[in-house]
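Read off the chains here:
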Amino acid sequence: SPLYWGDSDEILAKGMGQYIGSKLPGEEGYALIGGHTIPYFLNVNHLVVGDTININTTYGQYTFLIKKIKIAKNNDKEILDMLANKNSGVILYTCDRQEGISLTDKRHYLIAEKTSGPLIK
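The text that follows walks through the structure, step by step, so that each part is easy to find. The structure presented is a predicted model; accordingly, all values stated were derived computationally and were not measured. (Residues numbered from 1 in each chain as written. Predicted model: local features only at pLDDT ≥ 70, side-chain atom pairs only at ≥ 80, totals over all residues. Heavy atoms only, no water.)

1. Observations concerning the overall build of the protein chain
We count it as follows: By definition, any uninterrupted DSSP run of H or I lasting at least four residues is a helix, any uninterrupted run of E lasting at least two residues is a strand, and each is numbered from the N terminus. Each radius of gyration reported is based on C-alpha atoms, and the globular scaling rule is 2.2 Å times the count of residues to the power 0.38. Residues count as neighbours in contact if any of their non-hydrogen atoms are within 4.5 Å of one another. Charge assignment in this entry is limited to Lys and Arg as positive and Asp and Glu as negative, and neither His nor the chain termini are counted. Here the site of a charge means NZ on Lys, CZ on Arg, CG on Asp, or CD on Glu.
A count of helical and extended segments in the protein chain gives two helices and seven strands. For the protein chain, the succession of helices and strands along the chain, N to C, is β-α-β-β-β-β-α-β-β. Compactness check: the protein chain gives a C-alpha radius of gyration of 13 Å against a globular reference of 14 Å for 121 residues, within 12% of the reference. With the C-alpha coordinates of the protein chain rotated into their principal frame, the extents come out at 45 × 30 × 25 Å. If you take every contact in the protein chain between residues at least 6 apart in sequence, the share linking residues at least 24 apart comes to 57%. Each charge sign in the protein chain was given a centre, from 13 positive and 13 negative side chains, and these centres are 4 Å apart.

Right under this line is the structure:
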């Protein structure tokens, strides 16, 4: 799926969007990437700790290992604090889909650390 800079409604209608206050995949710190559950993150709820996420960019190919899964509000302090972390990683998020409810005010976060790919400085 395409990845765009920014996370406005217009961008998320076209693909996945990266929060402007986050790092690029491969930089020190975390890239915070969101997307609508349908169609882009339809299977995100099926991923588990230990699964991998692959991101291909114009400057390198990256693999990230999912270390933690969290269901939380969209302004969760732990998630926002992670953006300043020096580890290189990615946080994917989408609406949490609960049985019988299509949309909630909670987000499904996948927190993953880089296992391969060039470090960008």
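2. So, the sheet that holds strand S1 (residues 3-5)
Quick note on the threshold: We call two strands paired when DSSP finds no fewer than two bridges between them. Where helices are involved, their axes are fitted lines through C-alpha atoms of the stretch in contact, as for all axes, and angles between N-to-C directions lie from 0 to 180°.
Spatially, seven strands are ordered S1-S2-S3-S6-S7-S5-S4 in an open sheet, and the strand pairing comes out mixed. Of all strands in the sheet, those with a lone pairing partner are S1 and strand S4 (52-57), marking the two edges. For this sheet, the mean inter-axis angle between neighbouring strands, taken without regard to orientation, is 35 degrees. Two strands pair when backbone bridges link them, and strand S3 (residues 29-34) and strand S6 (residues 88-95) are joined in this way by six bridges, in the parallel orientation. The residue bridging Gly 34 from the neighbouring strand is Tyr 93, located in S6.

3. Let's talk about the side chain of Thr 63
We apply this condition: Classification of residues uses two cut-offs on accessible area relative to the type maximum, computed with a 1.4 Å probe and protein chains only: under 20% is buried, over 50% is exposed, and between them is partly exposed.
Considering the arrangement of structural elements, one finds Thr 63 in strand S5 (residues 60-73). Of the residues examined, Thr 63 reaches a relative accessible area of 19% and is grouped as buried. Not counting the four nearest positions on each side in its chain, Thr 63 is found in contact with Thr 52, Ile 53, Asn 54, Glu 113, Lys 114, Thr 115 and Ser 116.

4. With respect to the pairing of S3
Looking down a regular strand, the side chains alternate between one sheet face and the other. With six of its six residues buried, S3 lies for the most part within the structure. Where strand S2 (residues 16-18) lies against S3, two bridges are found, and the strand directions are antiparallel. In the strand pairing of S3, Gly 17 is matched with Gly 34.

5. Points about the side chain of Gln 18
Looking at where Gln 18 falls in the secondary structure, it is placed in strand S2. The buried category is assigned to Gln 18, whose relative accessible area is 2%. In this structure Gln 18 touches Leu 3, Tyr 4, Trp 5, Gly 6, Asp 7, Lys 23, Leu 24, Pro 25, Ala 31, Leu 32 and Ile 33, once residues within four positions along its chain are discounted.

6. So, the nonpolar core
How we decide: Among the buried residues, those of types Ala, Val, Leu, Ile, Met, Phe, Trp, Tyr and Cys that are joined through side-chain atoms within 4.5 Å form a nonpolar core.
By size, the foremost hydrophobic cluster in this structure holds 14 residues, and its most contacted members are Ile 33, Ile 53, Ile 55, Phe 64, Val 90, Leu 92 and Ala 112. The biggest single contributor to this core is S5, with three residues. The next biggest cluster of nonpolar side chains, apart from the first, holds 10 residues, and it includes Leu 32, Ile 91, Tyr 109 and Ile 111.

This is a description of form; function is not addressed.
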